[in-house]
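Secondary and tertiary structure notes
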Amino acid sequence: MKPLKVDQIYKQYGEKTAVNGISFEVGQGEIYGLLGANGAGKTTTMRMVLGLIYPDGGEVLYNGKPYSKELLQSLGYLPEERGLYPRIRVSDQLIYLAELRGMSKRDADSNLKRWLERFEVPEYYNKRVEELSKGNQQKIQFIASVIHNPQIVILDEAFSGLDPVNVELLKSTVKELRDNGTTMLFSTHRMEHVEELCRNITILHRSNAVVQGSLKEIKSRYPRERVILKTEGDVNGLDAIGGVTKVNRHEYGYEIHIAKEEAAGEILRLAIGQTDIQRFEVLEPTLNEIFIKTVGERHE
Ligand SMILES: Nc1ncnc2c1ncn2[C@@H]1O[C@H](COP(=O)(O)OP(=O)(O)OP(=O)(O)O)[C@@H](O)[C@H]1O
């Protein structure tokens with residue numbers, strides 16, 4: 001049985017349907033991607049999963065059971081809008097938050113120290129939140145969402161406001177949690193993070209799930225429309241090949257857009273006759289391209 005099952009959940013605000021019958025399941029040790037344009041219904045979905053608001057229809061099941069107060073201990077949430085108290089010391093508020101979720105003061109304290117060490121900031125223990133930079137506050141907020149060892153963690157834009165080094169640090173932490181069996185729901189507008197972390201995804205559009213499944217399978221549904229040709233020489237006549245829609249000359253060679261996959265073979269034949277090829281690749285679509293295509297087409 002999967003730790004998290006979302007079954008046909010529905011939420012209405014007045015005339016507005018915020019979430020319209022969405023279903024998905026997340027396995028143990030899995031990071032599930034929840035994507036969508038602004039206002040698509042991601043936060044509302046996450047709030048229903050957290051039990052902060054109740055669905056008007058459908059249900060959320062945790063290890064097969066409906067929401068109960070005891071679940072508070074098993075759920076962790078990193079909200080998009082950060083909610084730490086600026087004037088209070090990091091240790092005071094994080095230990096308090098962990099205690100609220102059923103942890104003993106001693107365990108909370110040792111967990112906090114371990115996490116601060118992990119993030120290479122043990123000196124923050126005694127600092128007030130307002131003394132930390134925005135990115136470092138973000139690390140503390142992340143610790144607040146996992147300090148009580150939750151089984152299910154919901155991360156909303158977890159890496160926003162972080163420099164590239166800290167993004168990598170948090171990303172590796174998220175992967176460790178996954179490898180230790182934590183179930184995660186991950187929402188972001190950064191598609192490259194989803195490609196790196198998530199096996200399965202849902203793309204929401206105007207309250208509906210419009211694309212769902214494994215990333216690999218979703219990608220196979222879309223045609224491959226980009227060819228990379230690495231070469232030091234010139235290739236003449238690429239524009240004239242049927243199905244070639246755009247040719248970009250780069251430092252490394254060519255990036256060629258095609259409307260039909262057969263054009264790739266023609267490109268290769270033409271290039272072989274004219275130059276030495278260092279690399280030839282027909283790229284699968286990126287998640288970013290799929291997102292823009294799906295959401296964009298539906299806008300029209
Ligand atoms: N409390 C509320 N009252 C009225 N409407 C709401 C409420 N919460 C959300 N909505 C509406 O429901 C829709 C979905 O909002 P939601 O916050 O879930 O989107 P989102 O996908 O998280 O967007 P973003 O990427 O901008 O954070 C929006 O049209 C929003 O205006």
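Before reading further, recall that the structure is shown in the block above.
What comes next is a walk through the structure. (Residues numbered from 1 in each chain as written. Predicted model: local features only at pLDDT ≥ 70, side-chain atom pairs only at ≥ 80, totals over all residues.)

**A word on the sheet that holds strand β4 (residues 57–62)**
Taken in spatial order, the 3 strands make up an open sheet running β2-β1-β4, and their pairing is antiparallel. The open sheet has two free edges, formed respectively by β2 (16–26) and β4, since each of these has just one partner strand. On average, each strand axis in the sheet is inclined to that of its neighbour by 20 degrees, with strand direction left out of account. One ladder, built from 8 bridges, connects strand β1 (residues 4–13) with β2; its direction is antiparallel. Among the inter-strand pairings, Y10 is bridged to a residue of β2, identified as N20. Against the sheet, helix α1 (residues 42–50) engages β1, β2 and β4, with an angle of about 120 degrees to β1. (Pairing = 2+ DSSP bridges. Helix = DSSP H or I, 4+ residues; strand = E, 2+ residues; numbered from the N terminus. Axes fitted to C-alpha atoms, helices over the stretch in contact; angles between N-to-C directions. Contact = placed C-beta atoms within 7 Å.)

**Notes on the site of the ligand**
Every residue near the ligand is listed here: Y13, K16, A18, G36, N38, G39, A40, G41, K42, T43 and T44. Mapped onto the shell around the ligand, the elements with two or more residues apiece are β2 and α1. Among the elements that line the shell around the ligand, the one with the most residues is α1, at 3 residues. A per-class count over the shell around the ligand returns 3 nonpolar, 6 polar and 2 charged. (Near = placed C-beta within 6 Å. Nonpolar A, V, L, I, M, F, W, Y, C, P; charged D, E, K, R; others polar.)

**A short note on the nonpolar core**
By size, the foremost hydrophobic cluster in this structure holds 57 residues, and its most contacted members are Y32, I143, I147, M184 and L185. The residues touching L185, leaving out its near neighbours within four places in the chain, are V26, Y32, L34, M46, V49 and I154. If you look at the next biggest cluster of nonpolar residues, it comprises 11 residues, including L238, I258, A264 and A271. (Core = buried A, V, L, I, M, F, W, Y, C linked by C-beta atoms within 7 Å. Buried ≥ 20, exposed ≤ 12 C-beta atoms within 10 Å, placed from the backbone.)

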